[in-house]
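What follows is the residue order along each chain.
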Amino acid sequence: MAIELEPEAGVVSQKANPLLELRDVSKRFLTRRHTTLALDEITINVNEGEFACIVGPSGCGKSTLLNIVAGLEHPDKGEALFERRAIERPGAERVVVFQEPALYPWLNVQANIELGLKIGGQNGAERKRRVDRYIELVNLKRFRKAYMHELSGGMRQRVQLARALALEPRMLLMDEPFAALDAQTRDVLQQELQEIWLRTGATILFVTHNVREAAILGDRVFVMTPAPGRLKREFNVDLARPRSPDSHAVVDLAAKIRTELEHDIYADHYAI
Amino acid sequence: MLFRLARIVLFYVALVAIWQAVVVLEIWPKYLVPPPADVWDSLKDHVDNHQIPDAVQLTMRRLLIGYSISLVIGMVLGMAVGTWKWVEETVGSLIVGLQSLPSITWAPLAVLWFGLNDKAIIFVVLMGSISAIAISTSSGVRNIPPIYRKAALTMGANRFQMTRYVLLPAMLPALAPGLKLGWSFAWRSLLAAELVIASGLSVGRLLETGRDLTDMNLVVAVMTVIVAVGLLADFLVFGRLERWTQERWGYATA
């Protein structure tokens, strides 16, 4: 195990009932020539109400990890438990917000959000209540009749977020949701996501390669390194919210995370 | 809009004028190339004596029945072919093979199996249009962006919900041209079948009657009706469907 803990990083939380438990999860990918160890014995717990970030460079297996939690992929070794039960298939209690705007162009904003609720079998009144509530929450009230090609990238991600939140999932999985957006939009959405998290108390597992983003958003930040995908370190972040991207504490934390990552890349280059 | 309409009208007026000119120049005898006015009269007569309206009604009924059945069978086949590799390799290859077979070649078999009746004709229509619809459905299914499925899966969609809410609407833009193609294949197969299979007073039968009586006016009048029906279907249904899907889906980035 590659987790090393410093005193300031706190202790891995050992609450009685973590919502998500990953125990020694390993995953290999077979290519024609060789096998890649995408995940090497990852152990992570996420508790109810936590905002957990997984940060690492591309190829460190963080998206694979998220897919395993989503139930889209399965570990080769180890266990992935959600509410103490093995994750077998995707489910609305672990809904995903994707990097690409995974929205349906033939439906307008309102209908896109409502679709998840239809799938979940909610009745008409309940669907309307939730659509209204979450459209409001992501500030898209004026656009409820708009179609996807009429929306900007940032607005589309808001719709995705509203659609996911409307299902009132036990855990929200976010796979680099802001990576394809311009810097200004990303800043705005990071702030909005913090506010939404404060208001809804959702449990979030957020994957990103952006160190600053992880520092702004995470209660706990898991740093992963590639080839093989390992958990290198865990930070417990106890900074007041909402956190501004330019506050000293955030910049400081981002620098620490970056050092962890660079350290590894450095080692990788010169170890031979 | 008015200008466009004027342009279209002008085009057809010019076309009739050229036709009239050919008749006046007497390059071919009148019984082979009838003058527009005589064709118009014949059209009017046969509308007045209900022959054309009745024939169109019968033919359209066959078309609608045949096309509806084709839609159901073609889309089910197409979705199966587009979803499972092994179905593609077996049934899919058969469909592609059958598409190279002109549907009218089924007429002799159809008459032996069903007799000289509607069933035989509708069978020929099915054989003409199912494959076009199936092929475009299967490519529609295959070209659905994987993220659409993934998103629905993580929202907890089951197989039925996936098909109903995601796959069917997602493949509409690819399907729209296929539906139109299937329609035009059905229409052609139907007229060919009606020419060959003598059953009821249909558009095809009316055309055949014109030939038998060397009534070129009637032949051309019926041909005009056939073109008009095709244009009308395109204008009312398929053109709109295509434009709508292009607009709604085309600009959207997946």
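Note that the coordinates shown come from a computational prediction; the quantities given were computed from them, not determined experimentally.

Chemist: Tell me about the confidence of the model for chain B, and please be specific about residues and values.
Modeler: Residues and elements named next belong to chain B. Scored by pLDDT, chain B has a mean of 90; 98% of the residues are at 70 or more. Ranking the elements of chain B by mean pLDDT puts helix α11 (residues 216-250) last with 87 and helix α5 (residues 107-114) first with 94. Here the predicted complex scores 0.76 on pTM and 0.82 on ipTM.

Chemist: Any chance you could break down the packing of helix α2 (residues 36-48) of chain B against helix α3 (residues 51-83) of chain B for me, citing the residues and the numbers?
Modeler: All names here are of chain B. Where α2 contacts α3, the two axes come as close as 4 Å, and the packing angle between them is 75°. Accordingly, the angle class assigned to the pair α2 and α3 is roughly perpendicular. Along its contact with α2, which presents L43, H46 and V47, the element α3 presents Q51, I52 and P53. Looking at the contact of α2 with α3, its residues break down into four nonpolar, two polar and no charged.

Chemist: I'd like to hear about the pattern of salt bridges, residue by residue, with values.
Modeler: Think of it this way: side chains of opposite charge can pair up when their charged atoms draw near. Residue and element names in this part refer to chain A. Counting across every chain of the model gives 32 salt bridges over all chains. In this structure, R129 engages E126 in a salt bridge whose closest nitrogen and oxygen atoms are separated by 3.1 Å. One end of the pair, R129, and the other, E126, are both in helix α3 (residues 124-137), three residues apart, so they sit about a helical turn from each other. Among the ionic pairs, K141 bridges to E136, the shortest N-O distance being 3.7 Å. Residue classification places E136 among the partly exposed positions, given a relative accessible area of 43%. When salt bridges that share partners are traced, they join E126, R129, R130, R133 and E168 into one network.

Chemist: Tell me what's going on with the interface of chain B and chain A, and back it up with residues and numbers.
Modeler: With 22 residues of chain B in contact, the opposing surface of chain A contributes 24 residues. Here chain B packs against chain A, burying approximately 2,200 Å² in sum over the two surfaces, 70% of which is carbon and sulfur. If you sort the residues of chain B by the area they bury against chain A, B:T154, B:M155 and B:R248 come out on top, with a joint share of 35%. Seen at the junction of chain B and chain A, the total is zero salt bridges. Of all the secondary structure elements, the ones that give two or more residues to the side of chain B that touches chain A are α7 (146-154), α8 (159-170) and α11 of chain B. In terms of residue count, α7(B) provides more of the side of chain B that touches chain A than any other element does, seven residues in total. Here the residues of the side of chain B that touches chain A are counted per class, giving 15 nonpolar, four polar and three charged.

Chemist: How would you summarise the environment of B:A152 if you had to cite specific residues and measurements?
Modeler: With respect to the secondary-structure elements, B:A152 resides in helix α7. A residue is classified by how much of its surface remains accessible, and B:A152, at 0% relative accessible area, is buried. Between the alpha carbons of B:A152 and B:V166 there is a distance of 7.5 Å; along the sequence they are 14 residues apart. Every residue in contact with B:A152, bar those within four places of it in the chain, is listed here: A:Y104, B:A157, B:M162 and B:V166.

Chemist: Explain the sheet that holds strand β6 (residues 96-97) of chain A residue by residue, including any values.
Modeler: What links the strands of a sheet is backbone hydrogen bonding, and the strands pair in either a parallel or an antiparallel sense. All names here are of chain A. Reading across the sheet, the six strands line up as β6-β7-β8-β3-β9-β10 and stay open at both edges, with mixed pairing between neighbours. Looking at which strands have only one partner, the edges of the open sheet turn out to be β6 and β10 (230-236). Bridge analysis of strand β7 (residues 172-175) against strand β8 (residues 204-208) gives four bridges, and the strand direction is parallel. By the bridge assignment for β8, D175 is matched with V207.

Analysis parameters
- Residues numbered from 1 in each chain as written.
- Chains lettered and ligands numbered in written order.
- Predicted model: local features only at pLDDT ≥ 70, side-chain atom pairs only at ≥ 80, totals over all residues.
- Heavy atoms only, no water.
- pLDDT = per-residue confidence, 0-100.
- Helix = DSSP H or I, 4+ residues; strand = E, 2+ residues; numbered from the N terminus.
- Axes fitted to C-alpha atoms, helices over the stretch in contact; angles between N-to-C directions.
- Parallel < 35°, antiparallel > 145°, perpendicular 65-115°, else oblique.
- Contact = heavy atoms within 4.5 Å.
- Nonpolar A, V, L, I, M, F, W, Y, C, P; charged D, E, K, R; others polar.
- Salt bridge = Lys/Arg side-chain N within 4 Å of Asp/Glu carboxyl O.
- Buried < 20%, exposed > 50% of the residue type's maximum accessible area, 1.4 Å probe, protein only.
- Buried area = accessible area lost by both parts, 1.4 Å probe.
- Pairing = 2+ DSSP bridges.

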